[in-house]
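Coordinate inspection notes
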Amino acid sequence: MKQKHVDYKMVSYPKIRRFMAAARRSVQRTPRMHGLIEVDVTRARTFLRDHKAKTREALSFTAFIIACVAKAVDENKAVQASCKGRKHLILFDEVDVLTYIERDVAGQKQIMPYIIRAANRKTIREIHQAIRAAQVQDVAKAWESFNVLHWPWLLLRPAFHVMAWMGKRSPQVWKKYRGTVGMTAIGMFGKGAGWGIPLPSHALWITVGGIGEKPGVVDGHIAIRDYLSLTISFDHETIDGAPAARFTERLKELIEGGYGLDDSTVESEQAGAPETSRKS
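What comes next concerns the included structure.

Procedures and definitions
Residues numbered from 1 in each chain as written. Predicted model: local features only at pLDDT ≥ 70, side-chain atom pairs only at ≥ 80, totals over all residues. Heavy atoms only, no water. Phe/Tyr/Trp six-rings, centres within 6.5 Å; stacked < 30°, edge-to-face > 60°. Helix = DSSP H or I, 4+ residues; strand = E, 2+ residues; numbered from the N terminus. Buried < 20%, exposed > 50% of the residue type's maximum accessible area, 1.4 Å probe, protein only. Polar contact = N/O pair within 3.5 Å; in protein donor to acceptor, adjacent residues only side chain to side chain. Contact = heavy atoms within 4.5 Å. Salt bridge = Lys/Arg side-chain N within 4 Å of Asp/Glu carboxyl O. Axes fitted to C-alpha atoms, helices over the stretch in contact; angles between N-to-C directions. Parallel < 35°, antiparallel > 145°, perpendicular 65-115°, else oblique. Left-handed = near helix turned anticlockwise from the far one by under 90°. Nonpolar A, V, L, I, M, F, W, Y, C, P; charged D, E, K, R; others polar.

1. Some remarks on the packing of aromatic side chains
- Throughout the structure, instances matching the rule amount to two aromatic pairs.
- Considering the side-chain rings of phenylalanine 61 and phenylalanine 64, the 6.0 Å spacing of their centres and the 50° angle between planes classify their relative orientation as tilted. One end of the pair, phenylalanine 61, and the other, phenylalanine 64, are both in helix 3 (residues 61-75), three residues apart, so they sit about a helical turn from each other. As far as the burial class goes, phenylalanine 61 and phenylalanine 64 line up, both buried.
- Ring centres 5.9 Å apart and planes at 90° place the aromatic pair phenylalanine 234 and phenylalanine 247 in the edge-to-face group. With phenylalanine 234 in strand 8 (residues 221-235) and phenylalanine 247 in helix 8 (residues 241-256), this residue pair connects regions lying 13 residues apart in the sequence. Across this residue pair, the class does not change: phenylalanine 234 and phenylalanine 247 are buried.

Here it is as structure tokens:
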């Protein structure tokens, strides 16, 4: 019997991808507003490069963006509001940022969810250390909070619909397992400017795109600057255009002003100083 030539190969569909697909379908009917902006990150990138040259420590640019997002949300908590039933909104004091970290799993690159708790109360250095710790954390331990992955595929989708339903009635459950704000960084996978359009599952979702060089006006002079492409997605059920625009403007101010970077340097110097000098 003549054998058929096979011109393809079959690979496993990672559990994390099935998990995320089911999660997105559970919230796909939520009305969204998307803002695509450019942010001048020349000051921040210059600071991080200089800091690395002086101390040989490479602070995470993603940690810097998370710190800015957490600060902006802390000043305007309505952007991370969660519905409780039909008549109330819950405004959490803490800003728990859900992000994704790439790991090697069985020889393949896979992303894993990680929640930075109370990011609005952390320095850039503390966020940076949390990200680095997550990157080397044991994979099995990292999945302990997401045991739903071991459920049969047919149960995943209805499970997430139930979770979304529960989140409307008990936002504390949603916060525990999914955080209050979502962020993903796609710019690290390529060069040049470019925006991403997400399928967000949170009231506020930040998509960090690419960085490109272009002329900009600084103190009345034209100079080449680094511009970050940023997509900010809001749940239109809980926030309107005007407060969303004010939040966006504040976030842009924080990023362009290099929020928190000086504090990280001071903390780094103090960490290496004798105890007596810290008290003086």
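2. What to know about unusual backbone geometry
- Backbone geometry at arginine 56 places phi at a positive 65°, although glycine is not the residue there.
- Note on placement: arginine 56 falls in the loop between helix 2 (42-55) and helix 3.
- Of note, aspartate 219 is a non-glycine position whose phi angle comes to about 55°, a positive value.
- One can find aspartate 219 in the loop between strand 7 (204-218) and strand 8.

3. A look at the side chain of serine 233
- With respect to the helices and strands, serine 233 occurs in strand 8.
- Taking relative accessible area as the criterion, serine 233 reaches 0% and is therefore assigned buried.
- Reaching out from serine 233, the side chain makes a polar contact with the side chain of histidine 34 at a distance of 2.7 Å.

4. A few points about the side chain of threonine 180
- Locating threonine 180 in the fold gives a position in the loop between helix 7 (171-178) and strand 6 (181-185).
- Only 2.5 Å separates the side chain of threonine 180 from the side chain of glutamine 80, close enough to count as a polar contact.
- With residues up to four places along the chain from it excluded, the contact list for threonine 180 reads Gln80, Phe92, Glu94, Val95, Asp96, Lys175 and His202.

5. Details of the environment of glutamate 94
- Inspection of the secondary structure assignment puts glutamate 94 in the loop between strand 3 (88-90) and strand 4 (97-105).
- Along the sequence, glutamate 94 and threonine 180 sit 86 residues apart, while their C-alpha atoms lie 8.2 Å from each other.
- Ignoring any residue separated from it by four or fewer positions in sequence, one finds glutamate 94 in contact with Gln80, Ala118, Asn120, Arg121, Lys175 and Thr180.
- For glutamate 94, the side chain forms a polar contact with the side chain of arginine 121, separated by 3.4 Å.

6. Some remarks on the pattern of salt bridges
- What the rule picks out here adds up to 12 salt bridges.
- A salt bridge links glutamate 94 to lysine 175; the nearest nitrogen and oxygen atoms lie 3.2 Å apart. Taken together, the residues span a long stretch of sequence, with glutamate 94 in the loop between strand 3 and strand 4 and lysine 175 in helix 7 at a distance of 81 residues.
- Under the relative-accessibility criterion, glutamate 94 is labelled partly exposed at 27%.
- Classification of lysine 175 as buried rests on a relative accessible area of 14%.
- With a shortest N-O distance of 3.3 Å, glutamate 253 and arginine 250 are connected by a salt bridge. You can see glutamate 253 and its partner arginine 250 sitting in helix 8, three residues apart, about one turn around the helix.
- On the accessibility criterion, glutamate 253 (41% relative accessible area) is partly exposed.
- By relative accessible area, arginine 250 is classed as partly exposed at 30%.

7. Observations concerning the packing of helix 3 against helix 8
- As a packed pair, helix 3 and helix 8 sit with axes 9 Å apart at the nearest point and diverge in direction by 140°. Classed by the angle they form, the pair helix 3 and helix 8 counts as oblique. For helix 3 against helix 8, the interelement crossing comes out right-handed. Contacts between helix 3 and helix 8 involve Phe64, Ile65, Cys68, Val69, Lys71, Ala72, Val73 and Glu75 from the first element and Phe247, Arg250, Leu251, Leu254 and Ile255 from the second.
- Class assignment for the residues of the contact of helix 3 with helix 8 results in 10 nonpolar, no polar and three charged.

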